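Secondary and tertiary structure notes
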Amino acid sequence: MLEPLRQGLPPLDPAAVSNAASCALPARYEAVRDARKFTRGTLNEWDIGDRFDDVCLVVSELVTNALRHALPSDTPRAPELGPPVRLHLMHWTGRLVCAVRDPSHDSPVARDSDDFSAESGRGLFLVDSFADSWGWHPLAGTLSGKVVWALFRLHSAD
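This is a predicted model, so every value here is computed, not measured.

**Quick look at the pattern of salt bridges**
Between side chains of opposite charge, a pair can form when the charged atoms approach closely. Applying the stated criterion across every chain, the model contains 4 salt bridges. The shortest N-O distance in the salt bridge between Asp54 and Arg51 comes to 3.8 Å. Residue classification places Asp54 among the partly exposed positions, given a relative accessible area of 26%.

**Considerations on the pairing of strand β3 (residues 95–102)**
With 6 of 8 residues buried, β3 is to be regarded as a mostly interior element. The turn joining strand β2 (residues 85–92) and β3, which pair antiparallel and follow one another in sequence, is formed by 2 residues; a positive phi near 85° is taken by Gly94. Of the strand pairs in this sheet, β3 and strand β5 (residues 146–153) are connected by 8 bridges, and their pairing is antiparallel. Note on β5: the bridge partner recorded for Val97 is Leu151.

**As for the side chain of Thr39**
Relative to the elements of secondary structure, Thr39 occurs in helix α1 (residues 30–45). Residue classification places Thr39 among the buried positions, given a relative accessible area of 0%. Filtering out sequence-adjacent residues up to four positions away, Thr39 remains in contact with Phe52, Val55, Val59, Leu87 and Leu89.

**A closer look at helix α2 (residues 52–69)**
For α2, with 18 residues, the first-to-last C-alpha span of 25 Å sits near the 26 Å given by 1.5 Å per residue. Burial within α2 is extensive, with 13 of its 18 residues counted as buried.

Conventions used here
Residues numbered from 1 in each chain as written. Predicted model: local features only at pLDDT ≥ 70, side-chain atom pairs only at ≥ 80, totals over all residues. Heavy atoms only, no water. Salt bridge = Lys/Arg side-chain N within 4 Å of Asp/Glu carboxyl O. Buried < 20%, exposed > 50% of the residue type's maximum accessible area, 1.4 Å probe, protein only. Helix = DSSP H or I, 4+ residues; strand = E, 2+ residues; numbered from the N terminus. Pairing = 2+ DSSP bridges. Contact = heavy atoms within 4.5 Å. Expected span 1.5 Å × (residues − 1).

This is how it looks when you write it as C-alpha cells:
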C-alpha cells in the first residue's frame, strides 16, 4: 500500500524558516509521552496549538516506530553517545515538519494489513493519513542512521 519514500525533506525555502526546536529522547517507551509534551509546548509557543491533535498523533507514531524498530532490545547502549532518538520540529511560514532521527539504517516499511483490530502495524498508515506528506532519508557525515519526517501544511487565519 505505502512504499517507503527514500528522499530528502520536501522543498522548503530555508529563508522562510521561522522556528525550530528539538529534544533528545531516551531509549524507553516513556519517551513517547515526553515527545507529546514537548510537541504541545512547542506548538503552543509557536501559536499553532490548534494542530496539536494531528501533529501529536504523527509524532507519537514516529517516535514509537523509532523505539520499536530502530532500537532492537539487544543493541548495546553507549551512554556517552547520548540518547539515540531525537525529535525535531521545524516551522516555516505555512508549514510544519516533524522529523525523528534514529540510529537505524533500515528504511521504514508500512505494512499492508486488512486487520483493523490489530494493535500494531498501522503506524505509517496513520502518518500517511494525518500528515500532508512524509518520507525518510539516510543521514550522512558523522551522524549515522536515518530521519523519518512528516509535513503538515498550516492554514493561515484569515
